[in-house]
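Chain and residue survey
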Amino acid sequence: MASEIRRSVCPFDCPDTCGLLVEVADGKAVAVKGDPAHPHSQGTLCPKMTRYQDTVHSSRRLTTPLVRTGPKGSGSFAPVTWEEAIRRIADRWKDILATHGGEAILPYSYAGTMGLVQRNAGHAFFHRLGASRLDRTICSPAKSAGMEAVLGATPGPRPEALRDSDLVILWGINALATSVHSLRPVREARSRGARVWLVDTYRTPTASVADETFLVRPGSDGALALGIMHVLEREGLLDTAFLADHVQGFPELAAQVLPDFPPERAAALTGLPPAAIEAMARAFGAARSPAILLGNGLSRYGNGAMNIRAISCLPALVGAFLKPGGGLHGGSGTGAAFDLTAVTRPDFLARPTRIVNMNRLGEALTTLDGPPVQSLYVYHSNPAAVTPDQNAVLRGLAREDLFTVVHERFLTDTARYADVVLPSTSSLEHADLYRAYGSYCIQRARPAVPPVGGSRCNWDVFRLLAEAMGFSDAFFRQEADDLVETLLAQPSPWREGIDTEALAEGRAVEVVAPPGPRFATPSGRVEILNPREVHPLPCLLPTHGEGDGRSFALMTAPSLFGLNSSFCERDDLRTKRNGMRLLMNPGDAQARALPAGSRVTVFNDLGDVDFILEPTDQVPPGLLVAEGVWWMECAPGARTVNALTSQRLTDQGGGSTFYDNRVDIRAADPVHQ
Ligand SMILES: Nc1nc2c(c(=O)[nH]1)N[C@H]1C(S)=C(S)[C@@H](COP(=O)(O)OP(=O)(O)OC[C@H]3O[C@@H](n4cnc5c(=O)[nH]c(N)nc54)[C@H](O)[C@@H]3O)O[C@H]1N2
Ligand SMILES: Nc1nc2c(c(=O)[nH]1)N[C@H]1C(S)=C(S)[C@@H](COP(=O)(O)OP(=O)(O)OC[C@H]3O[C@@H](n4cnc5c(=O)[nH]c(N)nc54)[C@H](O)[C@@H]3O)O[C@H]1N2
Ligand SMILES: [Mo]
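Residues numbered from 1 in each chain as written. Chains lettered and ligands numbered in written order. Predicted model: local features only at pLDDT ≥ 70, side-chain atom pairs only at ≥ 80, totals over all residues. Heavy atoms only, no water.

Some details on the side chain of Thr-412
Mapped onto the elements of the fold, Thr-412 is located in the loop between β16 (403–408) and β17 (420–423). Given a relative accessible area of 3%, Thr-412 falls into the buried group. Setting aside its immediate chain neighbours within four residues, Thr-412 contacts Asn-382 and Trp-631. (Helix = DSSP H or I, 4+ residues; strand = E, 2+ residues; numbered from the N terminus. Buried < 20%, exposed > 50% of the residue type's maximum accessible area, 1.4 Å probe, protein only. Contact = heavy atoms within 4.5 Å.)

Considerations on the domain arrangement of the chain
In terms of domain boundaries, the chain breaks down into domain 1 (4–56), domain 2 (66–137 + 336–501), domain 3 (157–330 + 517–527) and domain 4 (552–672). Taken over C-alpha atoms, the centre of domain 3 sits 29 Å from the centre of domain 4. In this assembly, 20 residues from domain 3 lie in contact with 22 residues from domain 4. Of the roughly 1500 Å² buried at the junction of domain 3 and domain 4 (both faces included), carbon and sulfur atoms supply 62%. (Domains from an automatic or database assignment. Buried area = accessible area lost by both parts, 1.4 Å probe.)

Re the site of ligand 1
Taken together, 32 residues surround ligand 1, and among them Asp-200, Asp-221, Arg-300, Tyr-301 and Gly-562 come closest. Thr-178 is positioned with one of its side-chain polar atoms (N or O) 2.8 Å from an oxygen atom of ligand 1. One of the backbone nitrogen or oxygen atoms of Gly-219 is found 2.7 Å away from an oxygen atom of ligand 1. Burial of ligand 1 by the protein chains amounts to 96% of its free accessible area of 910 Å². Elements with a contribution of two residues or more to the shell around ligand 1: α6 (175–178) and β9 (195–200). Split by residue class, the shell around ligand 1 holds 15 nonpolar, 12 polar and five charged. (Near = heavy atom within 4 Å. Polar contact = N/O pair within 3.5 Å; in protein donor to acceptor, adjacent residues only side chain to side chain. Areas by Shrake-Rupley, 256 points an atom, 1.4 Å probe, with all protein chains shown as cover. Nonpolar A, V, L, I, M, F, W, Y, C, P; charged D, E, K, R; others polar.)

Examining the site of ligand 2
Among the 30 residues in the neighbourhood of ligand 2, the closest are listed as Ser-381, Glu-408, Asn-458, Ser-565 and Ser-566. One nitrogen or oxygen atom from the main chain of Ala-111 is found 2.9 Å from an oxygen atom belonging to ligand 2. Here Asn-458 contributes a side-chain N or O atom positioned 2.8 Å from a nitrogen atom of ligand 2. Relative to its unbound accessible surface of 920 Å², ligand 2 loses 96% to contact with the protein. Its residues assigned to classes, the shell around ligand 2 comprises 10 nonpolar, 16 polar and four charged.

Quick notes on the sheet that holds strand β15 (residues 375–379)
The six strands lie next to each other as β5-β4-β17-β16-β15-β6, forming an open sheet whose pairing is mixed. Of all the strands in the sheet, just β5 (77–79) and β6 (105–109) have a single pairing partner and so form its edges. Averaged over all neighbouring strand pairs, the angle between strand axes comes to 20 degrees, with direction disregarded. Sheet topology note: the β6/β15 ladder contains five bridges and is parallel. Bridging from a neighbouring strand, Ile-105 pairs with Ser-375 of β15. In the packing of helix α2 (residues 82–99) onto the sheet, the strands contacted are β4 (66–68), β6, β15, β16 and β17, and the crossing angle to β17 comes to about 130 degrees. (Pairing = 2+ DSSP bridges. Axes fitted to C-alpha atoms, helices over the stretch in contact; angles between N-to-C directions.)

Quick word on the pairing of strand β2 (residues 19–25)
Most of β2 sits out of view: six of its seven residues are buried. Bridging between strand β1 (residues 4–9) and β2 involves six bridges; their strand directions are antiparallel. Bridge assignment links Arg-6 to a residue of β2, and that residue is Val-22.

Examining unusual backbone geometry
Of note in the backbone geometry, Asp-26 takes a positive phi value of approximately 55 degrees without being a glycine. Of note, Asp-26 is situated in the loop between β2 and β3 (28–34). When its relative accessible area of 69% is taken as the criterion, Asp-26 is described as exposed. In this structure, His-380 is a non-glycine residue whose phi angle is positive, near 40 degrees. One can find His-380 in the loop between β15 and α16 (383–386).

Thoughts on the state of the cysteines
A disulfide bridge is the covalent bond that connects two cysteines by way of their sulfur atoms. Within the structure shown, the criterion is met by zero disulfides. Cysteine Cys-10 is unpaired, with the sulfur of Cys-18 as its nearest cysteine sulfur at 6.0 Å. Given the relative accessible area of 9%, Cys-10 is considered buried. Cysteine Cys-441 remains unbridged, with the sulfur of Cys-18 as its closest cysteine sulfur at 9.4 Å. (Disulfide = S-S within 2.5 Å.)

Digging into the environment of Leu-66
Note on placement: Leu-66 falls in strand β4. Here Leu-66 falls in the buried class, since its relative accessible area comes to 12%. Sequence separation of Leu-66 and Ala-78 is 12 residues, and the distance between their C-alpha atoms is 5.3 Å.

This is how it looks when you write it as structure tokens:
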């Protein structure tokens, strides 16, 4: 059988945005490999994408629109034509517009696909409709807020620069699972003699690439950073020239904050020995070019933005921001490379409509002030699984009077609650334009295979809905690829001099940050003191979970073999995950007489979730770890992990607090075993 290789891009929410070479035969993807010419990923893929063809051509793919025939959540549906499905949606929405107004309709989407056109395909339509707007804050706005408080809009260093560092701290990042290609320059640095540390709450798989692992109490990283800074200051391990020339507010920090963080206090707060904090500070101060590779995990707390802010100050004390490979690696910030308003069309919004924080979907569907949400349109997201406070979300989705539409590749937990399900293409079946957030690569993708069954891409569904709603704007008559062209046609200093031919051929090309001030802050300096903040200096803030009076902290960490709730369709990956497990310290398990392999119930005020217990020394006492988000059909009980996470938000940015949980545990009720 003749086959040919087509280029594509990994569409998933991961910093790496790998280039793919797809072998296509008979209109089907038969193999997927990494593109060796991709500047960042250089031909290797993660364990999820090496058999992406099994996702694309999975027998579980939705291939036709469906309408509900049984109770919500039951998964009973009957197939209908696209015409019938779109007519039903438009009829219901016209009704809702007439009786309740546009704000009674709520879109819900996040990151099933990261392509700039398909990801943002609904914005123009919902603006035109006058729907409620969604604040898309589920991932890492607190991390952005914390870094911006110190560094403003300063673009991050190229990830490859890490190879020149002699001390790399992997801080709150399970890079082996979540951004495996960022480890290539780290390994290179290590082979040239660099030390690598991991700072996490448990010994993740990434500990295997670190020389030393420091386990801290959840939400205590700010205290660690302040403790290290105390020692750097006390022992004179400072780059005084850098502080004088490039930093705002170090004297104030040294006078007003650092005296409160001697190693003994930082130790009491973090759980690390005082000597370890002193040793960390001395090694950091002595390093030629120390670098921090900063993850998102520690930002998802009631004090997340503040802790990120304290860590972001740390490189300034030793001048690491100007050293080759040194400083803070917290994302590449290629956002300015394209002007997305050409796709999102804020000008279509006749008047500012209500904004709903996506982490509070449970509240929005059940108790929101203002016009009640009468219709929910979900695309490329699975809120029944990924959104905090699952019980509240499911109560909302179960409302008989809520008209729910879900556009999906699979019959997810959310799709099971839909009144109308629409089948979606996968990334290999539609056009798009990608920009990485862990490197400076951009890449264009054209369809590699035809749509599976009757599936349609996000953009094409909004075109159909626009037509059915009578929107006459020429904008809605374009193809997805036309929008790609529009984005590329806009001039941007980021894309000056790039190889446009390579881009047109579907190869990844790197953009370059335009020349600008070294530190893109209002003062032009690293702002340890930021007068625009509620707390002008970094300080200690409490987590939400403190005082909840429960025995354990619960980490809801990423899995190597899944990505949020994506990839649950893959039998090979589910087998590797070995069921919905709960990792627990063996001593803690023994003290509670909970045997390995037994079914346990983790609970708090929000819900009860059953897991299979796996005692392991990877986890320190007092901590429980549930890796990955699962589909409900894979769970040993009736709920999955987000029945234990809350709708409480971060200190800045309205972010999720997925790691800020306190819980208790018991053996599962024997009647269910
Ligand atoms: N395989 C895989 N890859 C993924 C994902 C996935 O689910 N699976 N998710 C994707 C998405 S959407 C994102 S946003 C990124 C996220 O990727 P990362 O940036 O790695 O962030 P997180 O996965 O949120 O958390 C990383 C680590 O933070 C740790 N952590 C939690 N609380 C604390 C704390 O208080 N202090 C410290 N020091 N560490 C803490 C957790 O134990 C976890 O190991 O990865 C993407 N890539
Ligand atoms: N407990 C816990 N919960 C978490 C996290 C955690 O670490 N712990 N991580 C959080 C984070 S960081 C994030 S970013 C969120 C992510 O939350 P989501 O963005 O909802 O991510 P997924 O679970 O991957 O669901 C994406 C869905 O999009 C569908 N899809 C893929 N491509 C397309 C397409 O082109 N069109 C359409 N219509 N559908 C498509 C997929 O089939 C999949 O079901 O989850 C959050 N939830
Ligand atoms: Mo995320």
